[in-house]
2 protein chains.
Amino acid sequence: MDANTTERGVNFCHSCAIRNRAICADLDNEEIGMLNAIGRRRRLKAGEQILWEGDDAVLVANVIEGVMKLSTQTSDGKEQILGLSYPSDFLGRPFGQTTPYGVEALTDAHVCVFQRSDFDRFAREHPKLEHKLLERTLTELDRTRRWMLLLGRMNAEQKLASFLLETADRLAPASCSFIADEAPVHFELPLARQQIADVLGLTIETVSRQFTKMKKEGLIDLPSRREVTILDRQALEDRAE
Amino acid sequence: MDANTTERGVNFCHSCAIRNRAICADLDNEEIGMLNAIGRRRRLKAGEQILWEGDDAVLVANVIEGVMKLSTQTSDGKEQILGLSYPSDFLGRPFGQTTPYGVEALTDAHVCVFQRSDFDRFAREHPKLEHKLLERTLTELDRTRRWMLLLGRMNAEQKLASFLLETADRLAPASCSFIADEAPVHFELPLARQQIADVLGLTIETVSRQFTKMKKEGLIDLPSRREVTILDRQALEDRAE
DNA sequence: CGGGACTTTGATCCTTATCAACTTATGTGG
DNA sequence: CCACATAAGTTGATAAGGATCAAAGTCCCG
């Protein structure tokens, strides 16, 4: 069988925007063909959910485009966002029984989905893929632990400043790529105020007040609800500590 | 060469307390022999540090006995404990340049240490090991994300109740193993009050007050500073939500 | 334009941090 | 073995940061 096509149609992987950044980066053409055969692309509307906390873990996916949120709730209904996934990030829980958190698209998104059983089998037979997945999972664990410092020890100002800086960095590769200063000074927030609050462990009112304060102090500008311009990156970094 | 011995002495792995639970569980005798050859055992005193945040990542290790803490600090010196490692847990950052957090023994401990370069090479040549490490890392990521909910959305009472329940569960395998109710009702805390505060993102005073309150309410008993007896597990679970 | 969702702003309250004093353990040398 | 020193933990008083409750303002999309 030609590695470039599958029963499900053409091999999307060759033209994939994240071909060189996702966990499939190290696979050769034949392997990519096999992976392509068990996966399929799926478009998601902003707000659409693809994984539900507590469900059997049936799907895993790569994010190709857009921003996804991983979240859970306390029993009294307060949400906590556990992480955000950007293009080339991996989603879902391979080698596990249940999905440990819900996953929802924040923006219109594009993902590459696999049945977990298919993916697990493929991964076990392809150590190169498992290795990439391991490196990615280790990086994600580091990032998550850094976020714990934010949640456990930072005040509202430090939290929002850190969030804005990280968002700018993470959005960078997708937009332009000035190498000198990678992070865009101007960007569009993939999250509404309430969602930012859920990421930072704050209330929407506190987030709003901090935005207003930073704007008054000239650190940022807010041309519209979803737009942010960083006017004084150094000062913002100082606030984030 | 006999797989049971190395230049550094006998193969400790065969009698290792965590032989069947750590990432080396799936290796056969020959492989274990090779791993044994590049590792060495090390005893740590309570309070001894083996990894420093920001250093080059030169070491990785398995915890054999004792409890280790992973921690980082804000620039103004407040500590945040990022996680605790119990026997059979893996420590350190393979495939990475720098150590992302400090690691210190909370109790007298026993670890099995590898040069990261040796370990990385061995792992890449042994997919079975990499797979175990991947599963462990995924589990650790899940656990860490659950901890984010605690840090971001729980109040002091919920935090301490959750901490006591998790500590009881994690200490279980080391102590007795009643299968009916695995978690011991009575156990010794591996952490001092200040360290508990650093785990939970609270101050020592708040932790102390919560301990006193729970004791007054008959949920727990505190025979000594480091000892805890759970008197009403159900009530404790209700407090943790 | 008009309605609904999202956001900002204001007033007040509550939890937890902070500061300070006191108590209880742990350990050391006379 | 006890007295004293030091570290660890508890308790109390006060303050501050953020939550909560309430209302007004703004944007967006039909």
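Let me begin by describing the structure that accompanies this report. (Residues numbered from 1 in each chain as written. Chains lettered and ligands numbered in written order. Predicted model: local features only at pLDDT ≥ 70, side-chain atom pairs only at ≥ 80, totals over all residues. Heavy atoms only, no water.)

## Some details on the sheet that holds strand 7 (residues 79-85) of chain B
Residue and element names in this part refer to chain B. Overall, antiparallel pairing links the four strands, which are arranged 4-9-6-7 in an open sheet. Edge positions in the sheet fall to strand 4 (49-51) and strand 7, since each has one partner strand and no second. On average, each strand axis in the sheet is tilted by 30° relative to the strand beside it, whichever way the strands run. One ladder, built from six bridges, connects strand 6 (residues 68-73) with strand 7; its direction is antiparallel. Following the sheet pairing, Lys69 is matched in strand 7 by Leu84. (Pairing = 2+ DSSP bridges. Helix = DSSP H or I, 4+ residues; strand = E, 2+ residues; numbered from the N terminus. Axes fitted to C-alpha atoms, helices over the stretch in contact; angles between N-to-C directions.)

## Notes on the pattern of salt bridges
All names here are of chain B. Going through the model one piece at a time under the given rule, you end up with 37 salt bridges over all chains. Two residues, Lys69 and Glu104, come together in a salt bridge whose shortest N-O distance is 3.7 Å. Taken together, the residues Lys69 in strand 6 and Glu104 in strand 9 (residues 102-105) connect sequence positions 35 residues apart. The two residues Lys69 and Glu104 agree in class, both being buried. Between Arg170 and Glu166 there is a salt bridge, and its shortest N-O distance comes to 3.7 Å. Pair noted here: Arg170 and Glu166 are both in helix 4 (residues 156-171), with a separation of four residues, about one helical turn. Given a relative accessible area of 16%, Arg170 falls into the buried group. The class of Glu166 is partly exposed, set by a relative accessible area of 22%. (Salt bridge = Lys/Arg side-chain N within 4 Å of Asp/Glu carboxyl O. Buried < 20%, exposed > 50% of the residue type's maximum accessible area, 1.4 Å probe, protein only.)

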